[in-house]
Amino acid sequence: MDIHEYQAKELFRAAGLPVPPDEVATTAEEAEAIARRLGGTVVVKAQVHTGGRGKAGGVKLASTPAEAKEHASRILGMTIKDLTVQKVLVTPAEDIANEAYVGVLIDRSSQAPMFMVSPEGGVDIEEVAETNPEAIRKLRVDPRYGLLPHQALWLADFLYEDPSLVKQASKMMTQLYQAFRSNGCSLAEINPLIVTPGGEVKAIDAKVSIDENELHRLPAVEAYRDTDAEPWAETRAREASLSFVKLEGDVGCCVNGAGLAMATMDLVKYYGGEPANFLDIGGSSNPDKVVAALEIITGDPNVKAILFNIFGGITRCDDVANGIVEATKRIDIKPPIVIRLTGTNDKEALEILEAAGFSADTSMDRVVERAVELAASA
Amino acid sequence: MDIHEYQAKELFRAAGLPVPPDEVATTAEEAEAIARRLGGTVVVKAQVHTGGRGKAGGVKLASTPAEAKEHASRILGMTIKDLTVQKVLVTPAEDIANEAYVGVLIDRSSQAPMFMVSPEGGVDIEEVAETNPEAIRKLRVDPRYGLLPHQALWLADFLYEDPSLVKQASKMMTQLYQAFRSNGCSLAEINPLIVTPGGEVKAIDAKVSIDENELHRLPAVEAYRDTDAEPWAETRAREASLSFVKLEGDVGCCVNGAGLAMATMDLVKYYGGEPANFLDIGGSSNPDKVVAALEIITGDPNVKAILFNIFGGITRCDDVANGIVEATKRIDIKPPIVIRLTGTNDKEALEILEAAGFSADTSMDRVVERAVELAASA
Amino acid sequence: MSIFIDASTRLVVQGITGRDGSFHTSQMIEYGTQVVAGVTPGKGGQTFEAEDGTLVPIFNTVDRAVRETGANASVIYVPPAFASGAIMEAADAGVDLVVAITEGIAVQDMTRAYAFVQDRGTRLLGPNCPGAISPGKAKIGIIPGEITTPGPVGVISRSGTLTYEAVAQLTAAGIGQTTCVGIGGDPIIGTNFIDCLAAFKEDPDTEAIVVIGEIGGTDEQDAARWIRENLDLPVVGFIAGQTAPPGRTMGHAGAIISGSAGTAEEKMRTFEENGIAVAKRPVDIVSLVQNGLRT
Amino acid sequence: MSIFIDASTRLVVQGITGRDGSFHTSQMIEYGTQVVAGVTPGKGGQTFEAEDGTLVPIFNTVDRAVRETGANASVIYVPPAFASGAIMEAADAGVDLVVAITEGIAVQDMTRAYAFVQDRGTRLLGPNCPGAISPGKAKIGIIPGEITTPGPVGVISRSGTLTYEAVAQLTAAGIGQTTCVGIGGDPIIGTNFIDCLAAFKEDPDTEAIVVIGEIGGTDEQDAARWIRENLDLPVVGFIAGQTAPPGRTMGHAGAIISGSAGTAEEKMRTFEENGIAVAKRPVDIVSLVQNGLRT
């Protein structure tokens with residue numbers, strides 16, 4: 001789960017990291033009032049779950065409260081990479097002598113948390129990794145020991161020469177790792193980490209992703225979830241424990257298993273179609289999940305045909321069949337439905353479907369091809 | 001550092017362990033008032049840094065407040081293994097269906113914390129270890145992982161059959177380890193861990209030793225130090241950073257280095273004397289430490305002769321010589337002083353001492369023999 | 001022959017009394033797996049009765065189960081909050097193989113559990129995996145037995161149902177399997193493609209291998225290079241997620257394209273560059289395996 | 001020959017600018033030890049000047065010191081609160097030997113640092129130890145060089161000044177040493193008696209060994225049994241603390257008789273039972289070594 005910059009900064013402050021004060025506004029007037037309270041020049045920053053806010057005009061300096069209001073009114077409601085800006089963060093503008101990058105993430109190849117630091121801050125770290133890899137120092141954190149003091153120092157030592165800066169940054173590495181650990185992060189990033197002309201090291205931007213699997217034990221972090229900022233379909237999918245990703249095509253897909261779901265999307269493409277979504281109903285399906293899945297798929301006006309691809313293992317085909325029948329009673333489904341069912345209880349499923357006027361096939365290829373044709377001819 | 005039962009229970013409660021309520025009294029009247037507040041039968045327990053309180057009559061049941069007062073007045077002021085009881089703990093008497101033992105300590109041979117649990121509670125665990133070792137389950141805690149959930153369960157599973165008891169005890173293992181870790185313990189012990197007739201597992205006695213080296217970061221625990229309960233000489237030694245242990249003999253010893261100090265004591269015994277103390281002035285001696293050492297030694301009326309044994313390495317012999325001269329100016333030292341000095345700056349030291357009317361030798365054996373003779377003839 | 005599991009495997013089921021655990025225990029017993037013990041804390045001393053009437057003793061701890069039944073492998077069906085602990089418990093109890101079916105384990109928990117099993121030299125399969133099946137011998141996990149049949153092909157996959165799809169098509173075409181292994185869809189897993197490939201290399205009965213990957217990470221690329229350098233068997237590859245958008249998690253926590261890394265295109269290219277026949281569709285796996293076995 | 005350290009040892013001093021660190025760096029250089037680097041965070045780039053004028057470069061981290069000077073051993077003079085971290089830093093930087101002089105390290109910190117050096121295969125000597133000296137070659141730590149002289153005896157001790165006493169008496173009697181090792185007085189130490197005995201066993205120049213123990217623990221008893229089973233050299237033992245009362249810590253955190261375990265009497269008896277000549281007084285060590293060397 002991605003959280004907003006202002007939320008990430010709250011977590012960082014709680015871990016002791018030096019983060020300048022700030023407040024969130026949802027209206028231009030609020031932004032103006034905050035700028036007045038803070039005094040001096042402020043930055044107005046769009047709060048959306050994506051990078052590239054600056055380039056999109058979502059980050060602006062304001063030297064007066066009136067200017068802050070003006071910027072906020074332009075940024076609020078702006079669309080950045082398909083996301084509508086509903087909140088802005090107002091924070092004092094800092095004088096910057098130096099910008100660096102500090103991040104920690106779960107690294108799958110070393111099976112452990114990994115720190116990355118670079119004296120090239122304020123830019124995309126992946127770009128630095130490609131163009132100037134020597135400008136990045138990496139450290140695998142042994143999860144049995146956590147980040148050790150000498151490792152924090154070793155990272156800080158790569159960023160600065162001045163002993164005072166190294167000392168400050170070293171402490172911040174430990175605090176960042178603490179924030180990463182205690183909030184179940186898969187990513188925690190400070191970019192840029194700045195040095196002020198007075199020699200203070202501060203975190204002036206923050207990016208955090210939380211491992212969804214940790215949220216059950218982190219109610220305060222779970223509360224950060226911004227359902228206003230996410231499409232209805234994603235909220236609905238999460239509530240029904242479905243994995244769902246919206247795409248741009250017209251063939252709605254409902255599959256059990258993530259790998260098979262991706263393979264189904266790929267096969268839609270192979271036969272000349274475009275999938276409208278990724279949707280995995282998971283292993284232990286029940287009819288209600290299937291109903292939710294059909295609600296989500298039919299909620300997308302682009303969808304011209306609906307494709308079920310079920311390989312019964314833990315998933316029982318009759319559960320899925322019952323779900324389809326149930327859903328057609330509860331919702332008005334316009335696009336045609338084609339169904340592939342095989343595996344556990346497929347015979348029972350076929351009986352249920354045929355009794356309700358549906359048919360089903362056992363071949364994945366035949367069904368996908370048919371769905372693509374139906375969508376194209378709709 | 002040993003702490004009192006009531007202090008250990010405070011630490012245990014803070015870690016979530018179920019410990020019955022209690023209060024400390026320093027007078028019989030206070031004990032009576034506490035018994036009245038608690039209601040029902042209470043236990044009055046002497047608070048001293050030693051085991052065997054029960055056998056010594058330091059733990060008594062009282063069914064009325066008046067009886068509590070009576071017991072408290074007898075226990076307060078009582079001497080148990082040379083320690084005077086200055087406080088009693090008053091706590092409700094628990095009905096006991098079962099007694100077990102749970103402890104965690106630093107185990108030097110496995111270089112790690114070690115749990116020991118036994119269904120034979122309420123008795124000396126060392127006795128159980130000798131007479132019935134199969135009644136003890138031991139677990140080395142890997143310090144890289146801490147106590148893992150299945151290990152806590154495995155320990156609890158050794159104590160009880162009933163799933164509810166196992167579950168409660170398992171949680172308590174984790175809490176006890178947490179208390180052990182966060183308070184820098186070298187030992188944390190619950191004996192007995194009881195089961196009430198209603199099926200609740202509770203800690204009704206608690207014993208904790210703190211690693212002195214952790215105290216600098218644990219001010220709240222450091223504040224538990226009960227200097228009233230310790231002899232003046234120990235307080236003085238700690239303040240001066242000396243290692244000191246009072247013994248029963250008449251030859252006062254002042255040595256640099258723990259091993260040499262023990263060897264010196266042994267040599268006193270070898271030549272027919274009895275050492276009055278163990279005293280290590282440490283590596284980086286300065287004259288003030290020597291003055292403090294002489295204050296402590298001369299504070300013991302048993303001392304008939306004072307023996308210095310200094311092998312200069314980090315310790316500079318001239319520092320020690322200056323300390324001796326300085327001490328004789330500040331305090332009136334009655335017993336004769338014999339001095340052995342060799343190593344770093346021993347020539348300078350000899351000059352200082354001779355100028356002040358002392359002599360010194362370089363042979364450990366000669367000097368010890370002389371000190372024993374002087375004490376015997378005093 | 002087979003890899004990881006065979007008829008001598010003696011299995012303990014952690015979470016045997018849960019919904020998934022009890023269902024699949026019956027399935028595994030029906031398939032012929034020697035399920036010798038179950039573990040559910042608090043239910044030690046009770047007995048689990050499988051659908052076919054087989055009785056399995058239940059213990060409070062894996063340690064007791066192993067000591068009293070000689071179990072040498074464990075399968076985990078416990079809820080995610082307790083699953084990493086269950087993995088460590090099994091490793092501590094001394095089994096050789098731990099198969100973690102559970103989905104949804106916190107990744108940071110897994111980094112510690114992974115280090116733990118490494119320290120003890122225990123093989124961990126999963127988590128978030130369907131397990132493994134050596135057709136005709138034994139199965140551990142949830143792979144439906146009826147879609148498999150004994151034969152010369154080794155199958156390794158990050159996915160569950162996609163594996164079933166591929167295996168069922170192989171079986172339908174009369175091509176059997178030595179062992180089918182689902183390594184799991186999480187970012188941190190105990191056994192990767194190369195570990196399985198190395199095991200298949202030592203299995204004289206395995207004559208061809210199917211590798212089913214997906215977007216995310218570089219495991220497939222690493223495997224491709226390893227295959228070129230170490231393996232003298234025909235290998236057929238398939239990658240799911242050609243149409244997946246970057247930056248979004250596709251069901252499996254590990255299935256995410258980060259920046260420009262981990263795309264299906266990159267993985268398929270690396271496969272081809274290293275001599276692995278790439279199937280465009282699941283159905284093409286069959287004909288490519290047939291080609292491979294013929295040569 | 002010698003054990004652990006010799007003329008090829010290239011030493012980095014952690015805490016070189018502190019009071020103890022600077023004093024003993026000069027002493028070690030004067031003795032002939034190759035001190036190639038110092039470490040004090042925040043003072044990297046500066047230079048330490050020893051009493052004899054030798055200049056030693058200072059680095060912020062041990063990693064830098066090792067990379068730039070090829071140091072292969074480290075000695076630690078940093079305050080107790082930072083010393084366990086310093087031990088791990090040295091091990092991480094890849095030196096072969098870490099000698100921790102610092103006294104007063106929290107025992108729980110040491111349990112982690114000990115596991116860390118074990119994981120990395122680094123030899124740790126100490127903490128709370130005087131270090132080691134191979135007379136005529138090099139010394140690491142604080143043992144006064146002038147009380148030693150080259151010769152055939154290996155010395156191992158848990159104590160500092162008591163070691164000096166014994167070594168000085170050997171030297172005065174004309175008996176030199178291959179290496180004198182102080183293993184430290186704490187409950188958790190990196191190198192124990194057996195580790196040193198095994199190293200001396202491999203040293204062809206060591207013809208007799210002196211083991212100086214004290215109350216607390218069972219290290220001496222373990223060593224005694226090991227000696228009987230593995231060692232074909234004369235060994236002389238001494239145990240300090242015959243007059244120590246039970247339950248009290250005698251200076252060294254590790255010197256405590258727990259219950260009836262760890263007494264001097266028990267240790268001396270175990271020595272004798274395993275063929276080790278026991279010295280009643282420090283001065284008797286000399287004659288017993290002379291006897292041993294003669295046979």
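These numbers come from a predicted model, not from an experiment.

Caption draft 1: Structural detail: the overall build of chain C. Check the secondary structure of chain C and you find nine helices and 14 strands. For chain C, whose C-alpha radius of gyration is 18 Å, the value lies close to the compact-globule estimate of 19 Å for 295 residues. Seen through its C-alpha atoms, chain C measures out along the principal axes to roughly 55 × 40 × 30 Å. Taken over 295 residues, chain C has a buried fraction of 64%. In chain C, the proportion of contacts linking residues at least 24 apart, taken out of those at least 6 apart, comes to 72%. Entry remark: accessible area of chain C is about 9,700 Å², with carbon and sulfur atoms responsible for 47%.

Caption draft 2: Structural view of the sheet that holds strand E6 (residues 88–92) of chain A. Residues and elements named next belong to chain A. Taken together, four strands build an open sheet; the order of strands is E1-E6-E2-E3 and the sheet is antiparallel. The sheet terminates laterally at strand E1 (23–25) and strand E3 (59–62), the two strands that pair on one side only. Each strand axis lies, on average, 25 degrees off the axis of its neighbour in the sheet, ignoring direction. Where E1 and E6 come together, three bridges link them in antiparallel fashion. The partner of Val 24 across the bridge, within E6, is Leu 89. Packed on one face of the sheet, helix H1 (residues 5–14) meets E1, strand E2 (42–46) and E6 and runs near 50 degrees to E6. Contacting E2, E3 and E6, helix H3 (residues 65–75) crosses the sheet at an angle of about 165 degrees to E3.

Caption draft 3: A look at the packing of aromatic side chains. Throughout the structure, instances matching the rule amount to 10 aromatic pairs over all chains. Judged by centre distance (6.1 Å) and plane angle (20 degrees), the rings of Tyr 177 of chain B and Phe 180 of chain B are stacked. Of the two residues, Tyr 177 of chain B and Phe 180 of chain B both sit in helix H6 (residues 163–182), three residues apart, roughly one turn of that helix. Each of the two residues, Tyr 177 of chain B as well as Phe 180 of chain B, counts as buried. In textbook terms, an aromatic cluster arises when at least three aromatic residues are bridged by ring pairs, as seen for Phe 115, Tyr 177 and Phe 180 of chain A. Across the ring face of Phe 116 of chain C, the terminal group of Arg 120 of chain C is positioned such that the distance to the ring centre comes to 3.8 Å.

Caption draft 4: Up close: the pattern of salt bridges. What the rule picks out here adds up to 84 salt bridges over all chains. Glu 23 of chain A is the salt-bridge partner of Arg 37 of chain A, the closest N and O atoms lying 2.8 Å from each other. Of this pair, Arg 37 of chain A sits in helix H2 (residues 28–38) while Glu 23 of chain A sits in strand E1, placing them 14 residues apart in sequence. Between Arg 236 of chain B and Glu 295 of chain B there is a salt bridge, with the nearest N and O atoms lying 2.8 Å from each other. With Arg 236 of chain B in helix H8 (residues 232–239) and Glu 295 of chain B in helix H10 (residues 287–298), this pair connects stretches of sequence that are 59 residues apart. Residues joined by salt bridges that share partners form a network here, namely Asp 142 and Arg 144 of chain A, Asp 142 and Arg 144 of chain B, Asp 119 of chain C together with Asp 119 of chain D.

Caption draft 5: Just the sheet that holds strand E6 (residues 97–100) of chain D, in detail. Residue and element names in this part refer to chain D. Here seven strands make up an open sheet; going across it, the order is E3-E4-E2-E1-E5-E6-E7 and the pairing mixed. What marks the edges here is a single partner per strand, and that holds for strand E3 (47–49) and strand E7 (123–125). Each adjacent strand pair in this sheet contributes to an overall mean axis angle of 25 degrees, direction not counted. Pairing between E6 and E7: three bridges, direction parallel. Looking at E7, one finds that Val 99 is bridged to Leu 125. The sheet strands contacting helix H1 (residues 19–31) are strand E1 (10–14), strand E2 (34–39), E3, strand E4 (55–59) and strand E5 (73–76), and the helix crosses E1 at an angle near 165 degrees.

Caption draft 6: Spotlight on the domain arrangement of chain A. With domains assigned, chain A is organised as domain 1 (21–92), domain 2 (98–222) and domain 3 (231–377). Domain 1 of chain A and domain 3 of chain A are separated by 42 Å when their C-alpha centres are compared.

Caption draft 7: Looking closely at the environment of Ile 194 of chain C. You can see Ile 194 of chain C is positioned in helix H6 (residues 193–201). Residue contacts for Ile 194 of chain C: discarding those within four places in its chain leaves Asp 222, Ala 223 and Trp 226 of chain C.

Caption draft 8: How the structure looks around the packing of helix H11 (residues 317–330) of chain A against helix H12 (residues 346–355) of chain A. All names here are of chain A. Relative to each other, H11 and H12 sit at 15 degrees, their axes nearing to 7 Å. On the basis of their axis angle, the class for H11 and H12 is roughly parallel. Here H11 runs over H12; the crossing is right-handed. Between H11, through Cys 317, Asp 318, Ala 321, Asn 322, Ile 324 and Val 325, and H12, the contact on the second element is made entirely by Asp 346, Glu 348, Ala 349, Ile 352 and Leu 353. Grouping the constituent residues of the contact of H11 with H12 by class yields seven nonpolar, one polar and three charged.

Caption draft 9: Focus on the interface of chain A and chain C. Taken together, the contact pairs 47 residues of chain A with 53 residues of chain C. In total, chain A and chain C occlude about 3,900 Å² of area from one another, counting both sides; carbon and sulfur atoms represent 57% of this. Applying the counting criterion to the chain A and chain C interface returns five salt bridges. Residue Glu 165 of chain C is joined to Arg 340 of chain A by a salt bridge in which the shortest nitrogen-to-oxygen separation is 2.5 Å. At the boundary of chain A and chain C, one finds 19 residue pairs in polar contact (both at pLDDT 80 or more). Among the elements of the structure, strand E7 (98–107), strand E8 (112–118), helix H4 (125–131), helix H6 (163–182), strand E13 (243–246), helix H9 (258–270), strand E16 (305–312) and helix H13 (364–377) of chain A are those that each provide at least two residues to the side of chain A that touches chain C. With 10 residues, the top contributor of residues to the side of chain A that touches chain C is H9 of chain A. For the side of chain A that touches chain C, the residue count by class is 22 nonpolar, 11 polar and 14 charged.

Caption draft 10: Region of interest: the pairing of E2 of chain A. Residue and element names in this part refer to chain A. Within E2, five of the five residues are buried, leaving the element largely enclosed by the surrounding structure. As defined by bridge partners, E2 adjoins E6 across five bridges and the pair is classed as antiparallel. Residue Val 43 lies in a different strand from E6, and its bridge partner there is Thr 91.

Caption draft 11: Spotlight on unusual backbone geometry. Residues Asn 191 of chain B and Pro 192 of chain B are joined by a peptide bond in cis, for which omega reads 10 degrees. Along the chain, Pro 192 of chain B falls in strand E10 (residues 185–195). With an omega dihedral of 10 degrees, the bond running from Gly 126 of chain D to Pro 127 of chain D counts as a cis peptide bond. Turning to its location among the elements, Pro 127 of chain D is positioned in the loop between E7 and strand E8 (131–134). At Ser 241 of chain A, a residue that is not glycine, the phi angle is positive and equals roughly 60 degrees. Its place among the elements puts Ser 241 of chain A in the loop between helix H8 (232–239) and E13. For Ser 241 of chain A, a relative accessible area of 53% translates into the label exposed.

Caption draft 12: Quick peek at H6 of chain A. Residues and elements named next belong to chain A. A rise of 1.5 Å per residue sets the reference length of H6, with its 20 residues, at 28 Å; its end C-alpha atoms lie 29 Å apart and thus fit the reference within 8%. The N-terminus of H6 is capped by Asp 162, whose side-chain oxygen sits 3.0 Å from the backbone nitrogen of Ser 164. Directly beyond the C-terminal end of H6, a positive phi value near 55 degrees is found at Gly 184.

Caption draft 13: Representation of the interface of chain C and chain B in the model. Between chain C and chain B, the residue contacts involve 15 residues of the former and 11 residues of the latter. Between the two partners, chain C and chain B, sit two salt bridges. One salt bridge in this structure joins Arg 144 of chain B and Asp 119 of chain C, with 3.0 Å as the shortest N-O distance. Remark: the boundary between chain C and chain B carries 10 residue pairs in polar contact (both at pLDDT 80 or more). Mapped onto the side of chain C that touches chain B, the elements with two or more residues apiece are helix H2 (62–69), helix H3 (80–92) and helix H4 (107–120) of chain C.

Caption draft 14: Examining the side chain of Arg 340 of chain B more closely. With respect to the secondary-structure elements, Arg 340 of chain B resides in strand E17 (residues 337–343). The class of Arg 340 of chain B is buried, set by a relative accessible area of 3%. For Arg 340 of chain B, the residues in contact, after removing those within four places along its chain, are Phe 308, Asn 309, Ile 310, Phe 311, Asp 361, Thr 362, Ser 363, Met 364 and Val 367 of chain B together with Glu 165 of chain D.

Caption draft 15: The arrangement of the domain arrangement of chain C in detail. Residues and elements named next belong to chain C. Taken domain by domain, chain C holds domain 1 (10–125) and domain 2 (143–294). Domain 1 and domain 2 are separated by 26 Å when their C-alpha centres are compared. When domain 1 packs against domain 2, the two sides together hide about 890 Å² of surface, and 60% of this comes from carbon and sulfur. Summed over the three residues of domain 1 that lose the most area to domain 2, namely Tyr 114, Arg 123 and Leu 125, the buried surface amounts to 43% of that side. Inspection of the region where domain 1 meets domain 2 yields zero salt bridges.

Calculation notes
Per chain, residue numbering runs from 1 following the sequence as it is written. All chains are assigned letters beginning at A, and all ligands numbers beginning at 1, according to the order in which they are written. pLDDT decides what is reported in this predicted model: residues at 70 or higher carry local features, side-chain atom pairs at 80 or more are listed and counted, and totals for whole chains, interfaces and linings draw on all residues regardless. To obtain the side-chain values, all non-hydrogen atoms of the structure were used and water was disregarded. For helices the rule is a DSSP run of H or I covering at least 4 residues; for strands it is a run of E covering at least 2, with both sets numbered from the N terminus onward. We compute the radius of gyration over the C-alpha atoms and compare it with the globule rule, which gives 2.2 Å times the number of residues raised to the power 0.38. A 1.4 Å probe rolled over the protein chains alone gives each residue an accessible area, and that area as a share of the maximum for its type sets the label: buried under 20%, exposed over 50%, partly exposed in between. By the convention used here, residues are in contact when the closest approach between their heavy atoms is within 4.5 Å. What sets the accessible areas is the Shrake-Rupley method with a 1.4 Å probe; for residues, cover comes only from the shown protein chains. Any two strands are treated as partners once DSSP identifies two or more bridges connecting them. Every axis in this analysis is a line fitted to C-alpha atoms, fitted for helices over the stretch in contact. Angles between the N-to-C directions lie between 0 and 180 degrees. Any pair of Phe, Tyr and Trp rings, taking the six-membered ring for Trp, is counted once the centres come within 6.5 Å. Such a pair is stacked with planes under 30 degrees apart, edge-to-face with planes over 60 apart, and tilted for the rest. Both a distance and an angle decide whether a charge sits over a ring: NZ of Lys or CZ of Arg must be within 6 Å of the ring centre and within 35 degrees of the ring normal. Here a salt bridge means any side-chain nitrogen of Lys or Arg lying within 4 Å of a carboxyl oxygen belonging to Asp or Glu. Domain start and stop points were drawn from an automatic or database domain assignment. Every angle not falling under 35 degrees, over 145, or within 65 to 115 is termed oblique; those three ranges are roughly parallel, roughly antiparallel and roughly perpendicular. Working rule for handedness: look at the near helix, and if it is turned counterclockwise from the far one by less than a right angle, call the crossing left-handed; if clockwise, right-handed. Under the scheme applied here, ten amino acids are nonpolar (Ala, Val, Leu, Ile, Met, Phe, Trp, Tyr, Cys and Pro), four are charged (Asp, Glu, Lys and Arg), and all others, including Gly, are polar. Summed over both partners, the accessible area lost on bringing two parts together, with a 1.4 Å probe, is the buried area. Two N or O atoms form a polar contact when they lie within 3.5 Å of each other; inside protein one atom must be a possible hydrogen donor and the other a possible acceptor, and for residues adjacent in sequence the pair counts only when both atoms belong to side chains. By this rule the span expected of a helix is its residue count minus one, scaled by 1.5 Å.

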